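Chain by chain, the residues:
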Amino acid sequence: MSQSNALRRVEASPAAPLSQTFELRPLAGPVGAEIIGLDLSRELTPADFSRVHQAHLDHHLLVFRDQRITPQQHIDFSRRFGRLMIHVLHQFHLAGHPEILIVSNIVEDGKPVGLGDAGKYWHSDISYKELPSLGSLLHAQELPAEGGDTLFANMHLAYDTLPVALRAAVEGKRAVHSYLAKYGQLQKEGNWRPNLSAQQVAQVQEVVHPVVRTHPENGRRALFVSEGFTTRIEGLPEDESRQLLDELFAHSVRPEHLYRHRWQPHDLVFWDNRSLIHLAGGTPDHLRRKLYRTTIEGDVPV
């Protein structure tokens with residue numbers, strides 16, 4: 001090989017990513033940390049990625065401030081944590097990027113731009129799959145002048161603080177999760193939810209998961225039920241199942257378990273669906289809100 005050809009090959013080789021200086025700042029409350037100074041439009045070094053990964057395990061929720069990233073960069077960063085899930089509502093995928101679900105209350109030409117009632121009930125994203133989500137990454141595109149907060153509940157704390165009788169009642173129990181649990185009710189309450197095709201319904205069959213799961217990476221136990229998707233506890237009469245679930249739902253969202261995220265422009269929030277449930281705080285109808293969400297596939301809950 002000539003020297004000139006060898007030189008051209010060296011010049012064409014992609015440069016290794018450079019380490020970035022960034023600060024990790026725990027948030028006040030039972031969950032979360034800010035990451036300041038990290039630019040996710042750049043590829044992370046293995047060491048920087050490892051630090052982010054550990055912070056996510058330690059704090060369950062990370063807020064990356066001021067991220068001026070493209071949808072593809074959002075997808076690329078998300079994929080470093082695992083395979084991405086494609087949401088069943090293909091009507092609200094970002095054009096050219098089916099990995100991204102548009103969460104928005106905006107209506108254009110009489111049609112919703114995105115899923116306007118996403119998060120109306122407490123839930124863990126995609127818990128209704130055999131392999132529920134590891135985590136979700138939500139990137140702010142357009143924010144309202146008021147409202148639009150997202151609330152998160154720490155389900156490790158919820159389990160740790162269960163009264164003795166309630167803990168005994170859930171030991172070894174399994175619960176049914178269904179995407180359709182609240183779907184009909186949401187259709188009646190608003191105009192965001194399209195009728196599902198037979199093919200879409202086939203993608204969201206009921207699944208059964210432990211009421212208490214063990215986090216596969218940090219080893220901690222957490223409640224894994226939510227009013228949005230959990231419909232009943234196996235092996236119990238309907239009235240007993242309903243009473244037990246209602247007690248678990250109420251206990252999970254006690255004020256001391258909660259963090260309220262007040263969005264800032266270009267925030268990217270990455271939360272652990274194995275550790276947290278979340279709820280949309282609501283946005284006034286006349287104010288526009290739009291965010292992009294990716295969701296990472298997890299593993300079978302145990």
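For the structure, see preceding data.
These figures come from a predicted structure and were not determined experimentally. (Residues numbered from 1 in each chain as written. Predicted model: local features only at pLDDT ≥ 70, side-chain atom pairs only at ≥ 80, totals over all residues. Heavy atoms only, no water.)

**Student:** Mind showing me how you'd approach the overall build of the protein chain here?
**Tutor:** When its secondary structure is counted, the protein chain shows eight helices and 18 strands. Rg of the C-alpha trace for the protein chain: 21 Å, near the compact-globule value of 19 Å for 302 residues, within the 12% margin. The C-alpha extent of the protein chain, read off along each of the three principal axes, is 80 × 50 × 40 Å. For the protein chain, buried positions account for 49% of its 302 residues. Taking as baseline every contact in the protein chain between residues at least 6 positions apart, the subset at least 24 positions apart corresponds to 81%. Of the roughly 14,300 Å² that the protein chain leaves accessible, carbon and sulfur atoms contribute 51%. (Helix = DSSP H or I, 4+ residues; strand = E, 2+ residues; numbered from the N terminus. Rg over C-alpha atoms; globule rule 2.2 N^0.38 Å. Buried < 20%, exposed > 50% of the residue type's maximum accessible area, 1.4 Å probe, protein only. Contact = heavy atoms within 4.5 Å. Areas by Shrake-Rupley, 256 points an atom, 1.4 Å probe, with all protein chains shown as cover.)

**Student:** Before we go on, may I ask you to explain empty space enclosed by the protein in this structure?
**Tutor:** Rolled over the atoms, a probe as big as a water molecule pinpoints where empty space is left. Counted under the stated rule, the structure contains three cavities of 30 Å³ or more. When its volume is computed, the largest cavity comes out at roughly 370 Å³. Lining the largest cavity we find 28 residues, and of these A118, G119, H123, D125 and R293 sit closest to its centre. For the lining of the largest cavity, the secondary structure elements donating two or more residues are β5 (97–104), α6 (183–189) and β17 (276–280). (1 Å grid on protein atoms, 1.4 Å probe; cavity = no way out; pocket = protein on both sides within 12 Å on 5 of 7 lines; lining within 4 Å. Points joined across faces, edges and corners; volume = space filled by probe spheres on them.)

**Student:** Would you mind showing me how to read the sheet that holds strand β16 (residues 268–272) here?
**Tutor:** Judged by pairing direction, the sheet is mixed, and its eight strands sit side by side in the order β1-β2-β3-β16-β8-β18-β5-β4 without closing on themselves. With partners counted over all chains shown, the strands left at the sheet margins are β1 (23–26) and β4 (93–94), one partner each. Judged from the five bridges that link them, strand β8 (residues 133–142) and β16 form a sheet pairing that is antiparallel. Residue pairing in the sheet places L137 in a bridge with F270 of β16. (Pairing = 2+ DSSP bridges.)

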